[in-house]
Amino acid sequence: QVHLVESGGGLVQAGGSLRLSCAASGGTFSSSHMAWFRTAPGKEREFVAAISWRDYSTYYTDSVKGRFPISRDNAKNTMYLQMNSLKPEDTAVYYCAQSRRYTSPPRLRDLYDYWGQGTQVTVSS
């Protein structure tokens, strides 16, 4: 059974930075696509970023491109999201997700097999 645990969330001022981590256990991390999603208050869960297991290709939603680089360390079974130049609209619960299907990481949440419990990120103005 795959188990994903996020960490690194917190309260930060606008313009600040945070680094989220997602530690995986069970399953085969090195052959799984990994992604970050977020749920803002009153909104649907949305895709943020993803990284392919095949060639480490990265994918981003437009609002975080250039600010939130995603990375992974297969030796540590861990994925990261470096969040820079944070804005109040980035406030949300951030979730990591894993998919072992598809040629490239999907952007649809229903296509992911495993989820973490989430970590809160709050950006004050």
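So, how was this worked out
- Residues numbered from 1 in each chain as written.
- Predicted model: local features only at pLDDT ≥ 70, side-chain atom pairs only at ≥ 80, totals over all residues.
- Heavy atoms only, no water.
- Helix = DSSP H or I, 4+ residues; strand = E, 2+ residues; numbered from the N terminus.
- Rg over C-alpha atoms; globule rule 2.2 N^0.38 Å.
- Buried < 20%, exposed > 50% of the residue type's maximum accessible area, 1.4 Å probe, protein only.
- Contact = heavy atoms within 4.5 Å.
- Areas by Shrake-Rupley, 256 points an atom, 1.4 Å probe, with all protein chains shown as cover.
- Lys, Arg positive; Asp, Glu negative; His and termini not counted.
- Charge placed at Lys NZ, Arg CZ, Asp CG, Glu CD.
- Pairing = 2+ DSSP bridges.
- Axes fitted to C-alpha atoms, helices over the stretch in contact; angles between N-to-C directions.
- Polar contact = N/O pair within 3.5 Å; in protein donor to acceptor, adjacent residues only side chain to side chain.
- Phe/Tyr/Trp six-rings, centres within 6.5 Å; stacked < 30°, edge-to-face > 60°.
- Lys NZ or Arg CZ within 6 Å of the ring centre and 35° of its normal.

J.: Whenever I open this one, the overall build of the protein chain confuses me. Can you help?
T.: In terms of helices and strands, the protein chain carries 0 helices and 11 strands. When the helices and strands of the protein chain are placed in sequence order, the string is β-β-β-β-β-β-β-β-β-β-β. Its C-alpha atoms give the protein chain a radius of gyration of 13 Å, near enough to 14 Å, the size a compact globule of 125 residues would have. Viewed in the frame of its principal axes, the protein chain has a C-alpha envelope of about 40 × 25 × 25 Å. Residues classed as buried in the protein chain amount to 44% of the 125 residues present. At a minimum sequence separation of 6, the contacts of the protein chain that also span at least 24 residues come to 59%. Just so you have it, the protein chain exposes about 6200 Å², and 47% of that area is on carbon and sulfur atoms. Averaged over its 14 positive side-chain charges, the protein chain has a centre that lies 3 Å from the centre of its 10 negative ones.

J.: Can you help me understand the pairing of strand 3 (residues 18-25) in this one?
T.: Along any regular strand, the residues point their side chains to alternate faces of the sheet. In this structure, strand 1 (residues 3-7) lies alongside strand 3, joined through 5 bridges in antiparallel fashion. Residue pairing across strands places Leu4 opposite Ala24, the latter belonging to strand 3.

J.: Mind showing me how you'd approach the sheet that holds strand 1 here?
T.: Sheets are built from strands paired through backbone hydrogen bonds, the pairs being either parallel or antiparallel. Sheet architecture is open: 4 strands sit in the order 1-3-8-7, paired in antiparallel fashion. Two strands in the sheet have a free side with no partner beyond their single neighbour: strand 1 and strand 7 (70-73). Averaged over neighbouring strand pairs, the angle between their axes works out to 20 degrees when direction is ignored. Both strand 7 and strand 8 (residues 78-83) contribute to a ladder of 4 bridges, which runs antiparallel. Along strand 8, the bridge assignment pairs Arg72 with Met79.

J.: I tried to follow the side chain of Ser52 on my own but got confused; where do I start?
T.: One can find Ser52 in the loop between strand 5 (45-51) and strand 6 (58-60). Relative accessible area serves as the criterion here: at 2%, Ser52 is assigned to the buried category. For Ser52, the side chain forms a polar contact with the side chain of Asp55, separated by 3.5 Å. What Ser52 contacts, discounting residues up to four positions off in sequence, is His33, Ser57, Arg72 and Pro105.

J.: I keep staring at the packing of aromatic side chains and nothing clicks. Help me out?
T.: Aromatic rings considered in pairs are described by the distance between their centres and by the relative angle of their planes. Taken as a whole and assessed by the stated rule, the structure comprises 4 aromatic pairs. Among the aromatic residues, those joined into a cluster by ring pairs are Phe37, Phe47, Tyr112 and Trp115. The ring of Phe29 is capped by Arg72, whose NZ or CZ atom sits 4.6 Å from the centre of that ring. Against the face of Tyr56 rests Arg72, its NZ or CZ located 5.8 Å from the ring centre.

Honestly, it's all geometry; don't read function into it.
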